[in-house]
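Letter by letter, the chains look like this.
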Amino acid sequence: MSLRELSKRAILAGSRRAGVNWCLRTALSHRLLVLCYHSVIPDDCPERPCTKCVVGLGERACYRMRDTIKVGEFRRQLAVICRLFRPVSATDVLDHLERGRPLPLRAVLLTFDDGFRNNLACAAPVMLRMGVPALICVVTDHVGKPELLWPQELDERIFNWNHAKLPMPGGQADVVLSDEPPDRCRVADRIRQFCKRLPNQEKITYLNRLRQDPLSAEEQWIRQLYAFLSWEEIRELDRSGFKIGSHTVTHPILTTLSPAHLAAELRNSKAAIERELQKPCPCLAYPNGGKHDVSPEVVAAARNAGYRMAFNLMGRPNPERLRPLEIERVSMSGKLSEDGLYARLNGLIPWLS
Ligand SMILES: [Zn+2]
C-alpha cells in the first residue's frame, strides 16, 4: 500500500475517533446529501481476472469493477445510511424546491447512474425491503441493447488488444502494448481520461478504430456487470415506486458537444422516457458529472430542455439553498472501509481533497 493511501487511512480513522464525522454531520444536517451508485452485482460475481491491478484508483481493487458494488456490501452501506440519515425520494426534493415543503434533517437521496439491469435484480429488492426510495437515471439509446457503455467498451478493447501496436487517440503515435495486466490498466485508464476531453465525434472515430476485433470471451463477465435495463424492466421499477431520470441518449461528455447536439441529447432522452413511461421526466444526471463535464452552457441547455432538477458528481456538500440544476452528489464505491464510508457520508472527503 502506498504511503499516500496509508496516511489517508490514518486520517480517516483518527477523525472518526476524534468525533470529526459527528461534528460535520451535525453542521451539515440541513443540507441534502445525494449519493450516486452504478452497478450492484451479486455477491458470488467473481473479481477476475486482474484483482491486483490497482492503478491510482484508491480503494477500488480492479479498474474493470470500479463502478460496481456487491449486493451484500450495498446492504451494509444502506444500513449505515438509514441509521445516520433520513432517506427521501426525488419527488420529496422536487416538492421542497418548488413548493417549499421542508426536507427532514439529514435528508439523503439515493441515485443510480447508467441504467444497469442489476439495479432491478439486485438493488431494488434491498431498497424495497428497507423502505429506501431512489432515482434511477438511464441512458436511453442503450436501453435493452447488448452493448457496453463507451468507457467500459474502451477499457475492454484496450485490455484485450491483440495486435503489436495500439492506435492512440488525438493524433498521437501508436504505442507498443505490454502484456502485463497492470500496464494495460494504466494505459486504458490514461486513454479513457484523454477521450473524455476529446470532441465527441473524435472519440467515436477512435473507438471505431479499436472495433476491428470481436470482444473477448470475457465479454459475458463484463456484460453481467454492465448489462442494461430494458424498457419493460424500467417500467417495472417505475411501478415499484422508483423514479426514472435521464442520463442522456448516448452518455457523451456534454461539454464536448455542439449546442445542437447538446440540446438533442437532453431533449431526446427526456422524450423517450416520457413516451415509454407515459409520465413527465423532470430529473437528469449529467454524464461523468465532474467540474469539466458540466458548464453554465450545459446547465442552461438542461433548463431549456425542461429539466427541473439535475445532478452533478463533484462530491461537494450541497448548499442549504439547493441549486435545482446543479445538485451535488457523492460517488459511492463498493470498496469503502468502515472509516472511508463514514468520511464519505459525512462530507469529510472534500475537506481532505
Ligand atoms: Zn454515467
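Just above sits the structure.
Quick summary incoming for the structure in this document. (Residues numbered from 1 in each chain as written. Predicted model: local features only at pLDDT ≥ 70, side-chain atom pairs only at ≥ 80, totals over all residues. Heavy atoms only, no water.)

### Observations regarding empty space enclosed by the protein
- Under the criterion given, the structure shown has 2 cavities of 30 Å³ or more.
- Counted as a void, the second largest cavity has a volume near 30 Å³.
- Contributing to the lining of the second largest cavity are Tyr37, His38, Ser39, Asp67, Thr68, Ile69, Met332, Ser333 and Gly334.
- Taken together, the residues of the lining of the second largest cavity break down into 3 nonpolar, 5 polar and 1 charged. (1 Å grid on protein atoms, 1.4 Å probe; cavity = no way out; pocket = protein on both sides within 12 Å on 5 of 7 lines; lining within 4 Å. Points joined across faces, edges and corners; volume = space filled by probe spheres on them. Nonpolar A, V, L, I, M, F, W, Y, C, P; charged D, E, K, R; others polar.)

### Some details on the pattern of salt bridges
- Counted according to the given criterion, the structure contains 22 salt bridges.
- Between Arg117 and Glu233 there is a salt bridge, with its nearest N and O atoms 3.1 Å apart. Taken as a pair, Arg117 in the loop between strand E5 (107-114) and helix H5 (118-130) and Glu233 in helix H10 (residues 231-239) lie far apart in primary sequence, 116 residues in all.
- The partly exposed category is assigned to Arg117, whose relative accessible area is 36%.
- Given a relative accessible area of 18%, Glu233 falls into the buried group. (Salt bridge = Lys/Arg side-chain N within 4 Å of Asp/Glu carboxyl O. Helix = DSSP H or I, 4+ residues; strand = E, 2+ residues; numbered from the N terminus. Buried < 20%, exposed > 50% of the residue type's maximum accessible area, 1.4 Å probe, protein only.)

### Considering the packing of aromatic side chains
- Inspection of every chain in the model, using the stated rule, returns 5 aromatic pairs.
- Arranged with centres 6.0 Å apart and planes meeting at 65°, the rings of Phe74 and Phe112 form a pair that is edge-to-face. Here Phe74 is found in helix H3 (residues 71-84), whereas its partner Phe112 is found in strand E5, with 38 residues between them in sequence. No difference in accessibility class separates Phe74 from Phe112, as the two residues are buried.
- Between the aromatic rings of Phe116 and Tyr226, the centroid separation amounts to 5.4 Å while the plane-to-plane angle is 55°, which identifies the pairing as tilted. Here Tyr226 lies in helix H9 (residues 219-226) and Phe116 lies in the loop between E5 and H5, a separation of 110 residues in the sequence. By the burial criterion, Phe116 is buried, and Tyr226 matches it.
- An aromatic cluster is built from Tyr37, Phe74 and Phe112, whose rings are joined through pairwise contacts. (Phe/Tyr/Trp six-rings, centres within 6.5 Å; stacked < 30°, edge-to-face > 60°.)

### Let's talk about the environment of Leu84
- Take Leu84: it is sitting in helix H3.
- On the basis of relative accessible area, Leu84 is assigned to the buried category, the value being 10%.
- In this structure the C-alpha to C-alpha distance between Leu84 and Asn346, which are 262 residues apart in sequence, comes to 9.3 Å.
- In this structure, Leu84 is in contact with Arg25, Arg106 and Tyr342, ignoring residues within four places of it in sequence. (Contact = heavy atoms within 4.5 Å.)

### Some remarks on the pairing of strand E1 (residues 33-37)
- Counting buried positions along E1 yields 5 of 5 residues, so the element is predominantly enclosed.
- Two elements, E1 and strand E12 (residues 330-331), share 2 bridges in a ladder whose sense is parallel. Looking at E12, one finds that Cys36 is bridged to Ser331. (Pairing = 2+ DSSP bridges.)

### A short note on unusual backbone geometry
- Phi is positive for Arg106, close to 55°, though the residue is something other than glycine.
- Among the structural elements, Arg106 can be located in the loop between helix H4 (90-99) and E5.
- For Arg106, a relative accessible area of 34% corresponds to the partly exposed category.
- A positive phi angle is found at Gln278, which is not glycine, with a value near 55°.
- Position of Gln278 among the secondary structure elements: in the loop between helix H11 (259-277) and strand E10 (283-285).
- A residue is classified by how much of its surface remains accessible, and Gln278, at 67% relative accessible area, is exposed.

These figures capture arrangement, not role.
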